[in-house]
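This is what each chain is made of:
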Amino acid sequence: MKIAVVIITAYLLGSFCASIPITRKLYGDDVRNHGSGNAGATNVARVYGLKAGLLTLACDMAKAVAAMLMGKFLCGEAGEAIAGAVCITAHCFPLYFEFRGGKGVSVGAALGLMCGWKVFAAIMAVFFAVAFLSRKVSLGSICASAMLPVCGLIFSCGEYLVWMSVYSALLVIIMHRSNIERLIKGTEGDFKPKGNG
């Protein structure tokens, strides 16, 4: 019963994609109608500015942290890991928004944070290094996601958290499949946040 509560609660929390209510409230529009059509923080920053993107990032990370803390409280490490996996899935396929959400990067960062500060610091370092050198946020996100389970193993996270990290990394990479195609073709655009955000 507790596991069921964890799954349902994590899915409902994860389905709250912050970018959609934020852009509807502040800009009278849906971010999914612009840019990449994605409901993630990167697209928000690209369309509405860096401040809006950071607000989205903070809200999406917060919901994942809340879900995992709830899971840990109810069912220990297994519940924490299940909550994280369900939350990132819900973020990509949100119940409240026609199952059209983000690509899991913001939630993935929160999952890394919950695995420990060393894991979080490592994946953030990979993200910023790759994104800065390539000027491609998508490539930074893909590389950081791929490093999450690796760092989980290096820094001896619990078994359940490592499996959660593997699942999350695969999901984020799959959600970036169109970006990967453009990266291979050399047509992926550089990240340029809107200047007036």
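Refer to the structure above for everything that follows.
Structure report, in brief.

Cut-offs used in this document
Residues numbered from 1 in each chain as written. Predicted model: local features only at pLDDT ≥ 70, side-chain atom pairs only at ≥ 80, totals over all residues. Heavy atoms only, no water. Helix = DSSP H or I, 4+ residues; strand = E, 2+ residues; numbered from the N terminus. Expected span 1.5 Å × (residues − 1). Bend = angle between axes of the 7 residues up to and from the residue. Core = buried A, V, L, I, M, F, W, Y, C linked by side-chain atoms within 4.5 Å. Buried < 20%, exposed > 50% of the residue type's maximum accessible area, 1.4 Å probe, protein only. Contact = heavy atoms within 4.5 Å. Phe/Tyr/Trp six-rings, centres within 6.5 Å; stacked < 30°, edge-to-face > 60°. Axes fitted to C-alpha atoms, helices over the stretch in contact; angles between N-to-C directions. Parallel < 35°, antiparallel > 145°, perpendicular 65-115°, else oblique. Nonpolar A, V, L, I, M, F, W, Y, C, P; charged D, E, K, R; others polar. Salt bridge = Lys/Arg side-chain N within 4 Å of Asp/Glu carboxyl O.

The first and last C-alpha atoms of helix 4 (residues 50–92) sit only 21 Å apart over 43 residues, clearly below the 63 Å expected at 1.5 Å per residue. Along helix 4, the largest kink reaches about 150° and is centred on Cys75.

This part covers the nonpolar core. As a rule of thumb, nonpolar side chains are buried together in soluble globular proteins. Residues Leu111, Leu161 and Met164 are the most contacted members of the largest nonpolar core, which totals 36 residues. Those elements that provide at least two residues to this core are helix 1 (2–14), helix 4, helix 5 (105–114), helix 6 (117–134), helix 7 (137–154) and helix 8 (159–175). It is helix 4 that provides the largest number of residues to this core, a total of twelve residues. Apart from the residues lying within four places of it in its own chain, the contact partners of Leu111 are Ala64, Met68, Gly84, Ile88, Met164 and Ser168. The next biggest cluster of nonpolar side chains, apart from the first, holds five residues, and it includes Val31, Val44, Tyr48 and Ala52.

Moving on, we come to unusual backbone geometry. The backbone phi angle of Phe99 is positive, close to 60°, even though this residue is not glycine. Position of Phe99 relative to the elements: it lies in the loop between helix 4 and helix 5. A positive phi is found at Ser156, a non-glycine position, where the angle reads about 55°. Topologically, Ser156 is positioned in the loop between helix 7 and helix 8. Overall, Ser156 belongs to the exposed group, its relative accessible area being 62%.

Glancing now at the packing of aromatic side chains. Where two aromatic rings form a pair, the distance of their centres and the angle of their planes describe that pair. Scanning the model with the defined rule gives three aromatic pairs in all. Consider the rings of Tyr27 and Tyr48, whose centres lie 4.3 Å apart with planes at 20°: the pair is stacked. In this pair, Tyr27 sits in helix 2 (residues 19–27) while Tyr48 sits in helix 3 (residues 41–48), placing the two residues 21 residues apart along the sequence. Considering the side-chain rings of Phe127 and Phe128, the 5.1 Å spacing of their centres and the 75° angle between planes classify their relative orientation as edge-to-face. Residue classification places Phe128 among the exposed residues on the basis of a relative accessible area of 53%.

Our next topic: the packing of helix 7 against helix 8. The N-to-C vectors of helix 7 and helix 8 enclose an angle of 170°; their axes lie 8 Å apart at closest approach. Relative to helix 8, the element helix 7 is oriented roughly antiparallel. Residue-level inspection shows Ile142, Ser145, Ala146, Leu148, Pro149, Gly152 and Leu153 of helix 7 in contact with helix 8, the latter providing Val162, Ser165, Val166, Ala169, Val172 and Ile173. Of the residues contributing to the contact of helix 7 with helix 8, the split by class is ten nonpolar, three polar and no charged.

With that out of the way, let us pick up the pattern of salt bridges. Within this structure, the stated rule accounts for six salt bridges. A salt bridge links Arg24 to Asp30, with the shortest nitrogen-to-oxygen separation between them at 3.2 Å. The class of Asp30 is buried, set by a relative accessible area of 9%. Salt-bridge contacts for Asp30 lead to Arg32; the nearest nitrogen and oxygen are separated by 2.7 Å. We note that Asp30, like Arg32, is buried. One connected set of salt bridges, linked through shared partners, spans Arg24, Asp30, Arg32 and Glu98.

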